[in-house]
Amino acid sequence: MEIACPRRVFNACSCSAETDVLILELIKGIIVPPCILYSLSSIVNPEWVGSKGFVKAFCEKIYTIPSELFKNNTLVTSFSATFKMCKNVSSIPSELFSSCPKVTTFVGVFNGCTSLTSVPEGLFDNNTIVTSFGKWWNGAFQECSNLVSVPTDLFKYNTEVASFNCAFISCNNLKNIPDLSNNTKVTDFSWMFENCTNVEGEAYPIWNFTSVTNFNKCFLGCKKLSNYSEIPTDWK
């Protein structure tokens, strides 16, 4: 099955004109947008794959993300909003970003992926210079309303992060929160877990980090945390 590939179906697309014809691959009945296998996996090496990477017309047709989608894209520095509002994506390959060590931002990368139920171990392990997982109401996992669990050490190797603004805001089915003990350079924790009303366990005392300047409503509504009473009032 072939279709005409419209310009900027994927923001890093190498299509040279709106009439470029590419194969629309069908995997198990799931439509994979054109340009992905060509532009991202073999033809180009973009530095930026973001700002609503998939246009809405294709976004809601994406059910599966290929594990080697960005295998050859070693120069990418931004995945800002790449999969934003891909509402039918229910899982993420653990090695999705492993070949992209130069990434500095994952702002809104999975924002609004409402079918996502878990985040795999090691997803960001090789992205050691990333500085942001959220910015002004565009968090990495913002409003992933069916997200239940995340790895405890999800951000263990992301020691340069400065912002987790809105990272998990309104993930109201999330049961646990990641360990943030290694993220001592963060300045912005604003709204990070706001409305995560089902998170349990003990939150690491990030309110003691001297680097933090913005923390508005970070733990608002997280009353099931075992140490909720210890969290400063202005953090909740």
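Residues numbered from 1 in each chain as written. Predicted model: local features only at pLDDT ≥ 70, side-chain atom pairs only at ≥ 80, totals over all residues. Heavy atoms only, no water.

(A) Broad picture of the overall build of the protein. The secondary structure content of the protein amounts to 2 helices and 4 strands. Counted from the first residue to the last, the protein has its helices and strands arranged as β-β-β-β-α-α. Partitioning the contacts of the protein with sequence separation of at least 6, the portion at a separation of at least 24 is 76%. Here the protein has roughly 10,300 Å² of accessible surface; of this, 50% comes from carbon and sulfur atoms. (Helix = DSSP H or I, 4+ residues; strand = E, 2+ residues; numbered from the N terminus. Contact = heavy atoms within 4.5 Å. Areas by Shrake-Rupley, 256 points an atom, 1.4 Å probe, with all protein chains shown as cover.)

(B) Expanded view of the pattern of salt bridges. Taken as a whole and judged by the stated rule, the model has 2 salt bridges. Across the salt bridge formed by Lys-71 and Glu-68, the nearest N and O atoms sit 4.0 Å from each other. A relative accessible area of 44% means that Lys-71 is categorised as partly exposed. (Salt bridge = Lys/Arg side-chain N within 4 Å of Asp/Glu carboxyl O. Buried < 20%, exposed > 50% of the residue type's maximum accessible area, 1.4 Å probe, protein only.)

(C) Main features of a negative patch on the surface. The grouping of Glu-121, Asp-125, Asp-153 and Asp-179 at the surface amounts to a negative patch. For Asp-125, the position within the fold is in the segment after α2 (56-59). The exposure class assigned to Asp-125 is partly exposed, which follows from its relative accessible area of 32%. (Patch = residues over 30% accessible without salt bridge, like charges linked within 9 Å, V, L, I, M, F, W, Y side chains within 5 Å. Lys, Arg positive; Asp, Glu negative; His and termini not counted. Charge placed at Lys NZ, Arg CZ, Asp CG, Glu CD.)

(D) Molecular detail of the packing of aromatic side chains. Summed over the entire model, instances satisfying the criterion amount to 33 aromatic pairs. When the centroid spacing of 6.3 Å and the interplanar angle of 40° are considered together, the rings of Phe-189 and Phe-209 count as tilted. Of the two residues, Phe-189 sits in the segment after α2 while Phe-209 sits in the segment after α2, which places them 20 residues apart along the sequence. Against the face of Tyr-228 rests Lys-236, its NZ or CZ located 4.1 Å from the ring centre. (Phe/Tyr/Trp six-rings, centres within 6.5 Å; stacked < 30°, edge-to-face > 60°. Lys NZ or Arg CZ within 6 Å of the ring centre and 35° of its normal.)

(E) Representation of the environment of Asn-195 within the structure. Its place among the elements puts Asn-195 in the segment after α2. Asn-195 sits 22 residues away from Lys-217 along the chain, and the two C-alpha atoms are 9.3 Å apart. The contacts of Asn-195, once residues within four sequence positions are left out, are Ser-170, Cys-171, Asn-172 and Leu-220.

(F) Structural context of the confidence of the model for the protein. Mean pLDDT over the protein stands at 80; residues scoring 70 or higher make up 75%. The element-level mean pLDDT for the protein is lowest in strand β2 (residues 21-23), coming to 26, with α2 highest at 57. (pLDDT = per-residue confidence, 0-100.)

(G) View of unusual backbone geometry. Positioned with a positive phi, Ala-81 is a non-glycine residue whose angle comes to about 60°. Mapped onto the fold, Ala-81 is located in the segment after α2. Judged by relative accessible area, Ala-81 falls into the buried class, the value being 4%. With a phi angle near 60°, Glu-143 is a residue other than glycine that sits in the positive phi range.

(H) Representation of the nonpolar core. By size, the foremost hydrophobic cluster in this structure holds 58 residues, and its most contacted members are Phe-110, Phe-141, Phe-168, Phe-189 and Phe-219. Apart from the residues lying within four places of it in its own chain, the contact partners of Phe-141 are Ile-92, Phe-110, Leu-116, Val-119, Leu-123, Phe-124, Leu-147, Leu-154, Ala-167, Phe-168 and Cys-171. (Core = buried A, V, L, I, M, F, W, Y, C linked by side-chain atoms within 4.5 Å.)

(I) Summary view of the environment of Cys-196. Residue position: Cys-196 is located in the segment after α2. According to the relative accessible area criterion, Cys-196 is buried, its value standing at 0%. Beyond its immediate stretch of four places on either side in the chain, Cys-196 contacts Phe-168, Cys-171, Asn-172, Leu-220, Gly-221 and Cys-222.

(J) Representation of the side chain of Asn-111. The topology assignment puts Asn-111 in the segment after α2. Among the residues examined, Asn-111 registers a relative accessible area of 4% and is labelled buried. The contact partners of Asn-111, leaving out residues within four places of it in the chain, are Phe-83, Lys-84, Met-85, Trp-137, Asn-138, Gly-139, Ala-140 and Gln-142.

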